[in-house]
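Below, each chain spelled out in residue letters.
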Amino acid sequence: MTEFDDERIASLKQRRKTVILDRLLTFTGLALAGASAFFPWYVFFNADKFGINVATSSNSRELPDWPARNVFSVSPLAMVNKNEGEKKAPPIDPLTTATVSDLGKERDGGPILEDQPFPGKSSFRLLHVSNGRALIEDPSGMYVVRIGSILPDESRLATLEQRDGKWVIVTSKGETYQNN
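Residues numbered from 1 in each chain as written. Predicted model: local features only at pLDDT ≥ 70, side-chain atom pairs only at ≥ 80, totals over all residues. Heavy atoms only, no water.

As a further point, take the overall build of the protein. In terms of regular secondary structure, the protein is built from two helices and eight strands. When the helices and strands of the protein are placed in sequence order, the string is α-α-β-β-β-β-β-β-β-β. Taking all contacts inside the protein whose residues are at least 6 apart in sequence as the whole, residues at least 24 apart take part in 30%. Looking at the protein as shown, the accessible area adds up to about 15800 Å², and 57% of this sits on carbon and sulfur atoms. (Helix = DSSP H or I, 4+ residues; strand = E, 2+ residues; numbered from the N terminus. Contact = heavy atoms within 4.5 Å. Areas by Shrake-Rupley, 256 points an atom, 1.4 Å probe, with all protein chains shown as cover.)

Each strand in a sheet pairs with its neighbour through backbone hydrogen bonds, running either in the same direction (parallel) or in the opposite one (antiparallel). Pairing is antiparallel across the open sheet formed by three strands, whose spatial order is S6-S7-S8. Edge strands, defined here as strands with exactly one partner in the open sheet, are strand S6 (157-163) and strand S8 (176-178). Between one strand and the next, the sheet's axes are offset by a mean angle of 25°, whatever the strand orientation. Here strand S7 (residues 166-171) pairs with S8 via three bridges, running antiparallel. (Pairing = 2+ DSSP bridges. Axes fitted to C-alpha atoms, helices over the stretch in contact; angles between N-to-C directions.)

With that out of the way, let us pick up the pattern of salt bridges. Applying the stated criterion across every chain yields a total of two salt bridges. Linking glutamate 137 and arginine 125 is a salt bridge whose minimum nitrogen-to-oxygen distance equals 2.8 Å. Residue glutamate 137 is located in strand S4 (residues 133-138), and its partner arginine 125 is located in strand S3 (residues 125-130); the two are separated by twelve residues in the primary sequence. Looking at arginine 125, the relative accessible area reads 42%, which means it is partly exposed. (Salt bridge = Lys/Arg side-chain N within 4 Å of Asp/Glu carboxyl O. Buried < 20%, exposed > 50% of the residue type's maximum accessible area, 1.4 Å probe, protein only.)

Residues annotated in UniProt with the feature "transmembrane region" (unreviewed entry) correspond here to residues 20-44. Between the C-alpha atoms that bound residues 20-44 the distance is 37 Å, and the span itself is 100% helix and 0% strand. (UniProt positions renumbered as here; feature names shortened; annotations may be inferred.)

Judged by pairing direction, the sheet is antiparallel, and its three strands sit side by side in the order S3-S4-S5 without closing on themselves. Where the open sheet ends on each side, the last strands, each with one partner, are S3 and strand S5 (141-146). Pairwise comparison of adjacent strand axes, ignoring direction, gives a mean angle of 25° for this sheet. By the bridge criterion, five bridges tie S3 to S4 in an arrangement that is antiparallel. In the strand pairing of S4, arginine 125 is matched with glutamate 137.

Put into structure tokens, the structure is as follows:
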């Protein structure tokens, strides 16, 4: 055997390995394509194995008719401030705005402390009370609140009470809202 024959034999072995590898890759590709075409049908015909398990519940949108809970303690937010007559000086604004306020200056012999109300008093109404929570509505939407929640009028919900058979919420500002 010559050197030329050795090269030719090595070339034939290399070509044979390449053909075997090509056939193996082709078979693997066809098997994957067949499996991916078959799998959706398998899922379709075996939906009980692949379906979503939905928790059972009643389709009612009504709130449960549980008995109302008695209020045994009064929230500190429901207590009206007895010192409302005394006004404290407003806190100093740490942001330098280059403006001077008239607050605290004396006019006509007495100090003037002006209260600037929040623009446009937000009105809301009480819709329903259940399980220590209240459903309220204002022009921007409906909300579920509980004692301590911030209300649309920037106060907090202090108590939920039942007066004369109707539910009433009392805010930290002492205002009451009754359901209709």
